[in-house]
Amino acid sequence: MNAFSRRGACPALSAPMRTGDGLLVRLNPVAGGLVPMSLIGLGESALRHGNGIMEVTARGSLQIRGLTAESARLLAAEVDALGIDMRTSVPIEIGPLAGIDPEEIADPRPLAERIRAATEEAGLTARLGPKVSVVVDGGGQLTMDLVTADVRLKAVKADAGVQWSVSVAGDAHSAKPLATVDAEAARDIAVAALRMVAEKGREAHTRDLSERQLASLAGWHSFAPPSVLPDISHSRGEIRSFTAGSRSAANSHVPTSAIGESGRAGLISPLEGEMSGRTEGRAVERHRPPIGLLNLTEGHALGIALPYGSMPAQNLIDLAIEAANLGAIEIRLVPGRALIFLGLTPSAASTLQALAAALGFVTSPTDPRTRIAACPGTPACASGRIATRTIAETIAKQSPDLLDASLTLHISGCAKGCAHPGAAALTLVGDENGAGLVVDGTAKALPAAYRPGYDAARGVAGIFAALRAQSHQGETVAACLKRLGAAGIAELYRRNQ
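Residues numbered from 1 in each chain as written. Predicted model: local features only at pLDDT ≥ 70, side-chain atom pairs only at ≥ 80, totals over all residues. Heavy atoms only, no water.

Caption draft 1: View of the pattern of salt bridges. One pass over the structure, following the stated rule, counts 18 salt bridges. With a closest N to O distance of 2.6 Å, Glu93 and Arg59 form a salt bridge. Here the residue Glu93 occupies a position in strand 6 (residues 92-94), and Arg59 occupies one in the loop between strand 4 (53-56) and strand 5 (62-67), the gap between them amounting to 34 residues. Residue classification places Glu93 among the buried positions, given a relative accessible area of 8%. Accessibility expressed as a relative area gives 29% for Arg59, which makes it partly exposed. Put simply, Arg109 and Asp107 hold a salt bridge, and the shortest N to O gap is 2.7 Å. Judged by its relative accessible area of 40%, Arg109 falls in the partly exposed class. Salt bridges sharing common partners tie together Asp367, Arg369 and Glu393. (Salt bridge = Lys/Arg side-chain N within 4 Å of Asp/Glu carboxyl O. Helix = DSSP H or I, 4+ residues; strand = E, 2+ residues; numbered from the N terminus. Buried < 20%, exposed > 50% of the residue type's maximum accessible area, 1.4 Å probe, protein only.)

Caption draft 2: Inspection of the pairing of strand 11 (residues 292-295) at higher detail. Here strand 11 pairs with strand 12 (residues 300-305) via 4 bridges, running antiparallel. Within strand 12, the position partnered with Leu293 by the bridge is Leu302. (Pairing = 2+ DSSP bridges.)

Caption draft 3: Fine view of the sheet that holds strand 8 (residues 149-158). Read across the open sheet, the 5 strands follow the order 6-7-8-9-10; overall the sheet is mixed. In this open sheet, the two strands that pair with only one neighbour each are strand 6 and strand 10 (176-181). With direction set aside, neighbouring strand axes in the sheet form an average angle of 20°. Where strand 6 lies against strand 7 (residues 134-137), 3 bridges are found, and the strand directions are parallel. Residue pairing across strands places Glu93 opposite Val135, the latter belonging to strand 7. On the sheet, helix 3 (residues 109-121) packs against strand 6, strand 7, strand 8 and strand 9 (161-170) and is oriented at approximately 175° with respect to strand 6. (Axes fitted to C-alpha atoms, helices over the stretch in contact; angles between N-to-C directions. Contact = heavy atoms within 4.5 Å.)

Caption draft 4: Quick peek at the packing of aromatic side chains. Under the definition given, this model contains 0 aromatic pairs. For Arg451, the ring lying beneath its charged end belongs to Tyr493, and the centroid distance is 5.8 Å. (Phe/Tyr/Trp six-rings, centres within 6.5 Å; stacked < 30°, edge-to-face > 60°. Lys NZ or Arg CZ within 6 Å of the ring centre and 35° of its normal.)

Caption draft 5: Seen up close, the sheet that holds strand 4. A sheet is described by the order of its strands in space; here 5 strands give the open sequence 1-2-5-4-13, paired in antiparallel fashion. Each having just a single partner strand, strand 1 (17-19) and strand 13 (310-312) make up the two edges of the open sheet. Averaged over all adjacent pairs, the angle separating strand axes in this sheet is 30°, with direction ignored. Relative to strand 5, strand 2 (residues 22-27) is paired through 4 bridges, and the arrangement is antiparallel.

Caption draft 6: Seen up close, helix 11 (residues 477-484). Inspection of helix 11 places Val477, Cys480 and Leu481 among the buried residues, and these make up the whole buried set. Along the axis of helix 11, the buried residues cluster in a sector spanning 100°; they form a single face. Note on helix 11: the residue one or two positions beyond its end, Gly485, has a positive phi of about 85°. (Arc of directions from axis to C-beta.)

Purely spatial values, then, with no claim about function.
Laid out in structure tokens, this is it:
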């Protein structure tokens, strides 16, 4: 299987991936942002060489679709001519307002750079799979809580100053906490975890580490200089004793017997009183969408989202031209399928926001389209069986009041579930039988009911009509769905065909 077709690979500029509508490339600028003229240039290249559709992904990558093998090479040459440096190392992601957010707990950039340098020194880029990633979150207005990663480091306030909560394999809600430590130890734990993953092969992630390995990571406290990284056993991938010249394991905070031993809850969980990166009772703080006017340490920024993460390239070109005319100095790609424009005055931001709305972008955090995940579907993707975006737009217009923060609606053209790999309260999935409904599951699950794809929005409208009629005062949409039950929801979807 070649780079054009291998699933699980990241479709970088040098290795595009074959999709239903041709080849796809994913671009990640090293600086995390682009000057307006660079985004304009990329949009023009997308028009010349692709199908004219551009996307910003849930992780904040830029995608260009509908390429051929030849046009992908031409696109690569034009990107090179634009002088945009693209990331080629292990993805180490920071928040979109890192270093310029007055509300952040700590600037994550220095720690992220130290981890990047250490991974490069250890030669890990070639040994890790393309989807192995690290998140370094300094907190603030736009957190990285919803971004999954193999290793997560989040700044927390402590009596001793800023510390870093380290966890693995998930987002802020699902990741497994290891320890809360200073920046040096956090760096070492992150790199040690990546080395353990590398020992398991390019298909591995931190979710594949054993309890024994996790306990070893949780007990790690760094006393060695940056050049002295914990040694990894080739047979077990565990942290060995420190190398000669470093402080002995007997003097560390964790008994020697704990290193490499079977995992114990006390070693994997943070100590009593430490923050783990989760909130009490597993409740996650309300996530602020990256949409609207944002206050910075100096000046303001404007967040604008792409509906369902996708827009015609010409619309992006028009928006970038207006942003440049209004004084924007940088456009950052943001997790959550959005763009942030820096350097605008409040007045200029208001003008740009109005144009963006007229072009079809999402300019309000309460826009019902923010609660729907929809892949390109037909006709854009040959793998799609239903017109996902048409269905999504119809539902958003018909039932905006029921698409609240408690509900995620996923509309998938096929069972791959590219737009939302996780479970959703309601999922519509296209297959040979039409538009199937999955309740509280993923697009890969067996649908509980079907109706024709062209009529799927009417089936959802039937569910929402029942929600309006039967919801209790103060009850969320998700709670009402749960009370109605999967069988009852499936019957509502099937009715009136």
